[in-house]
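So you can see what is in the structure, the chains are spelled out below.
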Amino acid sequence: MRSVSSGALCLLLVVVRFSFALENRRPNQPAEAKARATSIADQIVHALCGKRVALLGEPPMHGFGNTLEFKVEVARRLVDECHYNAFFIESGAYDFLNIQKALKSGRTVTVPMIASAIGGLWATREVEPLIPFLLEKARGGVLVLGGLDDQLGRGTYAQRQMPADLMEYLQGDDKVQCLAILQKHTLWQYSSDAPYSPKDRALILGCLDKIELNLSLPRDGDAREYELAMIENLKRSFARDFKHDVPFGVDPNTQDFNDRDHSMYMNFRWLMSRLPPDSKVIVWTATSHAAKDLSGVPGQEKWVPLGSYIRREFKGEAFVLGVSAYSGTYGMARQPVRPLASAPANSLEGQAFINGDSDTRYLDASQIRTFGSILARPLGPDFKTANWSDILDGLVIFRVERPPLFSGK
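On a predicted model such as this, the values are computed, not experimentally measured, just so you know.

Here's the deal with empty space enclosed by the protein
Unfilled space is identified by rolling a water-sized probe across the atoms. Under the definition given, this model contains 1 cavity of 30 Å³ or more. Lining the largest cavity, in full, are Ala93, Phe96, Leu97, Gln100, Gly146, Gly147, Asn267, Trp270 and Leu271. Contributions of two or more residues to the lining of the largest cavity are made by helix H4 (93–105), strand E3 (144–149) and helix H12 (252–272). It is H4 that provides the largest number of residues to the lining of the largest cavity, a total of 4 residues. Each residue belonging to the lining of the largest cavity can be placed in one class, and the counts come to 5 nonpolar, 4 polar and no charged.

Structure follows, in structure tokens:
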């Protein structure tokens, strides 16, 4: 057997050690990426555990797959580890009111009911695991579920069954006529020859007034609070149609945003008033709604988001988490995949990845504040210059985003 010289042996050891070091420095190894993501989730759960309201934002396109997967993990951990006892989402209030009513009366609530209530924006493979989790916790009385929006969604209880349920409070011709009037709208049975008009809205509001009057009459049971909440939401939604009273100089889109977010806050307050004292609430929504303040964001200076009302009420007990991406792609339901331009070096996202090879970065409030006014895009695909610490309490940034996998694909 040929002996190996000491010099050759040393060289061999150096090569082996160098190869081992390279293997362990690969930035895209699944185990390493998962460990980093877990570490960031740990930081966020730790930051949110002592808060009363955790606003989990996402870009308003609702088309980031990594973001949705991450939010699901954080939401589940906040419930399991930090004893959050309510989950409110930027989806229609109506289905969730029906779910609350069903749970209270002992009727069956199913996974499809929760999925339908959450709606098509989040009908993705990434969000799927959250649905049975929410159902299990709601059935067990651990978690109260609520919708914040007053808009009507397709394929929901609100579209299919709510009109008939509300008509149980009318009799005779009123019942028949109002059912036809409301179903015409929820099923959108209008045409180019006979489009939705102010006359249609007036007929709907007249029916809602009749139902509300009968709901106010004495009746056994307390289920009426849910129907009354549905009526109030419908009235606020219809109030934004055919508006002619927008103040001079105010952009109609800004007015619509502000009215919708104020309506969401009214639903938030209604839901909070029915929770035990010191409850802890997850708010799942777009960052544009979650934001503490938007007055410093170009083009959104007059927007008044849901988060600003919550911040005013809960102060430091509320926490707004934003999400952004350095590069990648995104995809909204039924729309083509779109590219995200790589972040410029002078942006917040660019600075976050200027050193190191991590796949995900988390910036807390103090770190965001050190950047001052800087380009960033937590509020959409385009970069805007703002003091982001005025808007967010924390920011997760993915090096590469991807579209979500929509259910059925």
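Digging into the pattern of salt bridges
As enumerated under the stated definition, the model contains 21 salt bridges in all. Residue Lys137 pairs with Asp80 through a salt bridge whose shortest N-O separation is 3.1 Å. Placement of Lys137 in helix H6 (residues 130–139) and of Asp80 in helix H3 (residues 65–82) is noted, with a sequence separation of 57 residues between them. The class for Lys137 is buried, based on a relative accessible area of 16%. Each of the salt bridges in this network shares a partner with another, and the network as a whole consists of Asp42, Glu73, Arg77 and Glu81.

Notes on the nonpolar core
Membership of the largest hydrophobic core comes to 64 residues, with the highest contact counts inside it found for Phe88, Phe268, Ile310 and Trp388. Formed by 43 residues, the second largest nonpolar core is a distinct cluster that contains Leu56, Val109, Ile118 and Phe133.

Considering the state of the cysteines
On inspection of all chains with the given rule, the structure shows 2 disulfides. With its sulfur 1.9 Å from that of its partner, Cys49 forms a disulfide with Cys82. Looking down the S-S bond of the Cys49 and Cys82 bridge, the torsion is -100°, so its handedness is left-handed. Here Cys82 lies in helix H3 and Cys49 lies in the loop between helix H2 (30–48) and strand E1 (53–56), a separation of 33 residues in the sequence. In this model, Cys178 is linked to Cys207 through a disulfide, with the two sulfur atoms separated by 2.1 Å. Around the S-S axis, the bridge from Cys178 to Cys207 shows a dihedral of about -85° and counts as left-handed. Residue Cys178 is found in helix H9 (residues 172–186), and its partner Cys207 is found in helix H10 (residues 198–215); the two are separated by 29 residues along the sequence. For Cys178, a relative accessible area of 2% gives the class buried. Each bonded cysteine of the protein gets a number by its place in the sequence, and the pairs then read 1-2, 3-4.

A word on the packing of H3 against H6
With their axes 11 Å apart at the nearest point, H3 and H6 run at an angle of 20° to one another. Considered as vectors, H3 and H6 are oriented roughly parallel to each other. The handedness of the crossing between H3 and H6 is left-handed. Here H3 contributes Val72, Arg76, Val79 and Asp80 to the contact with H6, which in turn contributes Leu130, Phe133 and Lys137.

Points about the layout of surface pockets
Roughly 1,100 Å³ of internal volume is contained in the largest pocket. Lining the largest pocket we find 39 residues, and of these Asp149, Gln151, Leu152, Gly153 and Arg154 sit closest to its centre. Looking at the lining of the largest pocket, the elements that each hand over two or more residues are strand E2 (86–92), H4, helix H5 (111–118), helix H7 (157–160), H9, helix H11 (224–239) and H12. Of the residues contributing to the lining of the largest pocket, the split by class is 16 nonpolar, 14 polar and 9 charged.

Observations concerning the packing of H4 against H11
Packing of H4 against H11 brings their axes to within 10 Å, and their N-to-C directions diverge by 180°. Here H4 is positioned roughly antiparallel relative to H11, judged by the angle of their axes. Only Glu225, Tyr226, Glu227, Ala229, Met230, Asn233, Leu234 and Ser237 of H11 make contact with H4, whose side of the interface consists of Ala93, Tyr94, Leu97, Asn98, Gln100, Lys101 and Lys104. Residue composition of the contact of H4 with H11, by class: 7 nonpolar, 4 polar and 4 charged.

Examining unusual backbone geometry
Of note in this structure, His62 is not a glycine but carries a positive phi near 55°. Although it is not a glycine, His83 adopts a positive phi angle of roughly 65°.

Some points on the pairing of strand E5 (residues 318–330)
A large share of E5 lies buried, amounting to 10 of its 13 residues. Taken together, the 4 bridges between E1 and E5 define a ladder with parallel strand orientation. Bridging from a neighbouring strand, Leu55 pairs with Val320 of E5. Here E5 pairs with strand E10 (residues 394–401) via 7 bridges, running parallel. Looking at E10, one finds that Gly328 is bridged to Glu401. In terms of strand pairing, E5 meets strand E6 (residues 338–340) through 3 bridges, oriented antiparallel. By the bridge assignment for E6, Gly328 is matched with Leu340.

Each value, and the rule that gives it
- Residues numbered from 1 in each chain as written.
- Predicted model: local features only at pLDDT ≥ 70, side-chain atom pairs only at ≥ 80, totals over all residues.
- Heavy atoms only, no water.
- 1 Å grid on protein atoms, 1.4 Å probe; cavity = no way out; pocket = protein on both sides within 12 Å on 5 of 7 lines; lining within 4 Å.
- Points joined across faces, edges and corners; volume = space filled by probe spheres on them.
- Helix = DSSP H or I, 4+ residues; strand = E, 2+ residues; numbered from the N terminus.
- Nonpolar A, V, L, I, M, F, W, Y, C, P; charged D, E, K, R; others polar.
- Salt bridge = Lys/Arg side-chain N within 4 Å of Asp/Glu carboxyl O.
- Buried < 20%, exposed > 50% of the residue type's maximum accessible area, 1.4 Å probe, protein only.
- Core = buried A, V, L, I, M, F, W, Y, C linked by side-chain atoms within 4.5 Å.
- Disulfide = S-S within 2.5 Å.
- Axes fitted to C-alpha atoms, helices over the stretch in contact; angles between N-to-C directions.
- Parallel < 35°, antiparallel > 145°, perpendicular 65-115°, else oblique.
- Left-handed = near helix turned anticlockwise from the far one by under 90°.
- Contact = heavy atoms within 4.5 Å.
- Pairing = 2+ DSSP bridges.

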